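# Topology and contacts: notes
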Amino acid sequence: MALPEKITVGVFGAAGRMGATVCAAVAGDQDLELVAAVDPGAVGESLRKVTGVDSDIEIAGKAEHLDVKPQVMIDFTHLEAARANLAWCAEQGVHAVGGTTGFLDADFQRFRETFTTSNCLIAPNFAIGAILMMRFAELAAPWFETAEVIEFHHDAKVDAPSGTAIRTVERMAAASSDWTADPTTTNTIDGARGAEGPAGIRIHAVRMHGMVAHQEVLLGTTGQTLSIRHDSYDRSSFMPGVLLAAKNVASHAGLTIGLDALVDL
Ligand code: NAP
């Protein structure tokens, strides 16, 4: 009996922290075949040398220079690069899995309009624990009148607040409109109360050497508080979700935001 064909996958940002981890995860998955790697910072280098992945692939500087067109491209780069990379995927009819954070509503609208012949799945967080954290925060929201989110990341993260924090607060705001107004009348130092997210829920961003990706959702009501915390200690925490997305993006038409659509919560 013939073996089922593997899904061919390419990685944008292959030399980056997440991209290199994704290359290793894809190469080690029996249903996926790593066929392409793109990273302008490592153009012409061997993927093996840059990432340690057992592969003869030479890293391309642009998707336009790839010899093969993968069925799925995975993007973990920077915001401007990701916008261009996803536009290329839409134009070329290549399915896209997007992990880069920082997209605005206008970006999502454009992806909805442009992914017509292939699909796009974007998740601000591919860790299952983070998906559950967002769901638990959404469930808790109607039972509390005050909430704040503190997100903690490694000290090389360039965008703030994190996409996970924004998505968490959007979902809490959609689950309840009954939030108490901020009582602060004087900020002795600007920004002391963090950034104001949807429904006035405050988000605080910490950047710290030694951390990876962590978030705490604090909710309070009379006489009690609830803390919901998730910690990613290692980039491997994101890989099961990324691989799940790569295997399933073809069957989810158009734009899908969040991994929730692929996991039955
Ligand atoms: P990183 O180490 O800076 O890696 C990004 C890589 O992309 C770099 O090697 C960069 O090269 C490369 N790059 C830049 N422009 C490119 C282009 N046009 N095409 C292809 N590659 C390009 O960053 P990271 O820590 O891996 O994080 C990447 C993104 O993933 C961030 O937005 C982060 O917030 C996000 N993230 C998401 C999740 C999730 O679960 N969704 C989890 C972790 C991180 P140069 O260095 O030469 O510019």
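Residues numbered from 1 in each chain as written. Predicted model: local features only at pLDDT ≥ 70, side-chain atom pairs only at ≥ 80, totals over all residues. Heavy atoms only, no water.

## Focus on the site of the ligand
The cut-off we apply is this: By convention in this text, a residue qualifies as near a molecule or strand provided that one of its non-hydrogen atoms is within 4 Å of it. Contacts described as polar in this section are N or O atom pairs within 3.5 Å, which, within protein, must combine one atom able to donate a hydrogen with one able to accept it, while residues neighboring in sequence count only if both atoms come from side chains. The method behind every accessible area is Shrake-Rupley, applied with a 1.4 Å probe, and residues are considered shielded solely by the protein chains displayed. Buriedness of a pocket was judged along seven lines, with at least five required to meet protein on both sides within 12 Å; pockets are open sets of points on a 1 Å grid over the protein atoms alone, cavities are sets where a 1.4 Å probe fits but cannot get out, and lining residues have an atom within 4 Å of a point. Any molecule with more than half of its atoms within 2 Å of a cavity's or pocket's grid points is counted as sitting in it. Elements are defined by DSSP. Helices are runs of H or I of four residues or more, strands are runs of E of two residues or more, and each kind is numbered from the N terminus. Following the grouping adopted for this structure description, the nonpolar residues are Ala, Val, Leu, Ile, Met, Phe, Trp, Tyr, Cys and Pro, the charged ones are Asp, Glu, Lys and Arg, and the polar ones are all others, Gly among them.
As a matter of local geometry, the ligand sits amid 23 residues, with Arg-17, Met-18, Asp-39, Thr-101 and Phe-126 nearest to it. Measuring from an oxygen atom of the ligand, one finds a backbone N or O atom of Gly-16 at 3.3 Å. Between the ligand and the protein, one listed contact pairs an oxygen atom with a backbone N or O atom of Met-18 at 2.7 Å. Calculation on the ligand without its partners gives an accessible area of 920 Å², and the protein chains cover 78% of this total. Using a 2 Å cut-off from the grid points, one finds that the ligand occupies the largest pocket. Of all the secondary-structure elements, those providing two or more residues to the shell around the ligand are α1 (17–27) and α3 (79–92). Per-class residue counts for the shell around the ligand are ten nonpolar, ten polar and three charged.

## With respect to the layout of surface pockets
The test is simple: Grid points are joined across faces, edges and corners, and a volume is the space filled by probe spheres set on the points. All the domain ranges listed were derived from an automatic or database domain assignment.
Counted as a void, the largest pocket has a volume near 950 Å³. Residue lining of the largest pocket: 41 residues in total, with Met-18, Phe-76, Thr-77, His-78 and Thr-100 positioned closest to the centre. Elements represented by at least two residues in the lining of the largest pocket include exactly α1, α3 and α6 (163–175). The dominant element in the lining of the largest pocket, judged by the number of residues it contributes, is α3, at five residues. For the lining of the largest pocket, the residue count by class is 17 nonpolar, 17 polar and seven charged. If you count residues domain by domain, the lining of the largest pocket takes at least three from each of domain 1 (7–122 + 236–263) and domain 2 (128–233). If you add up the space inside the second largest pocket, you get close to 350 Å³. Around the second largest pocket sit 19 residues that line it, and Gly-102, Phe-103, Phe-108, Gly-163 and Ile-166 are the ones nearest its centre. The set of elements that each furnish at least two residues to the lining of the second largest pocket consists of α4 (105–114) and α6. Examining the composition of the lining of the second largest pocket, we find that four residues originate from one element, α6, more than from any other. For the lining of the second largest pocket, the residue count by class is ten nonpolar, five polar and four charged. Composition of the lining of the second largest pocket by domain shows at least three residues from each of domain 1 (7–122 + 236–263) and domain 2 (128–233).

## Here's the deal with α6
Applicable threshold: The span you would expect from a helix comes to 1.5 Å times its residue count less one. The classification of residues rests on relative accessible area computed with a 1.4 Å probe and restricted to protein chains. Under 20% of the type maximum is buried, over 50% is exposed, and intermediate values are partly exposed. Any two residues whose heavy atoms approach within 4.5 Å at even a single point are treated as in contact.
In a regular helix each residue adds 1.5 Å, so 13 residues correspond to 18 Å; α6 covers 18 Å between its end C-alpha atoms and thus fits that length. Those residues of α6 not exposed but buried are Gly-163, Thr-164, Ala-165, Thr-168, Val-169, Arg-171, Met-172 and Ala-173. Structurally, α6 contributes buried residues whose contacts are with α5 (128–140), β6 (146–153), β8 (202–207) and β9 (213–221).

## Quick notes on the sheet that holds strand β7 (residues 195–196)
Selection criterion: When DSSP finds two or more bridges between a pair of strands, those strands are recorded as paired. The angle between two axes is taken between their N-to-C directions and runs from 0 to 180 degrees, where each axis is a line fitted to C-alpha atoms and a helix contributes only its stretch in contact.
Strand order in the open sheet made by the five strands is β7-β8-β6-β9-β10, with mixed pairing throughout. The two strands at the open ends of the sheet, each matched to only one other strand, are β7 and β10 (224–232). Examined bridge by bridge, β6 and β9 share eight bridges and lie antiparallel to one another. Bridged to Thr-146 within β9 is Gly-220. Running over the sheet, α6 touches β6, β8 and β9 and is turned about 25° from β9.

## Focus on the side chain of Ser-162
As for its position among the elements, Ser-162 is in the loop between β6 and α6. Take Ser-162: its relative accessible area is 2%, and that puts it in the buried class. Residues in contact with Ser-162, not counting those within four places in the same chain, are Glu-151, His-153, Lys-157, Arg-207 and Gln-215.

## Here's the deal with the domain arrangement of the protein chain
Inclusion rule: By definition, the buried area sums, over both parts, the 1.4 Å-probe accessible area that each loses when the two are put together. Salt bridge, as used here, is a side-chain nitrogen of Lys or Arg placed within 4 Å of a carboxyl oxygen of Asp or Glu.
What the domain assignment lists for the protein chain is domain 1 (7–122 + 236–263) and domain 2 (128–233). Between domain 1 and domain 2, the C-alpha centre-to-centre distance is 28 Å. Each side of the interface is counted separately: domain 1 has nine residues, and domain 2 has eleven residues. Here domain 1 meets domain 2 over a buried area of about 760 Å², counting both sides, of which 55% is carbon and sulfur. Among the residues of domain 1 in contact with domain 2, Arg-17, Thr-101 and Asp-260 are the three that bury the most area, contributing 47% of the side total. Counting every contact that joins domain 1 to domain 2 gives one salt bridge. A salt bridge links Arg-171 to Asp-260, with the shortest nitrogen-to-oxygen separation between them at 2.9 Å. Residue composition of the side of domain 1 that touches domain 2, grouped by class: four nonpolar, three polar and two charged.

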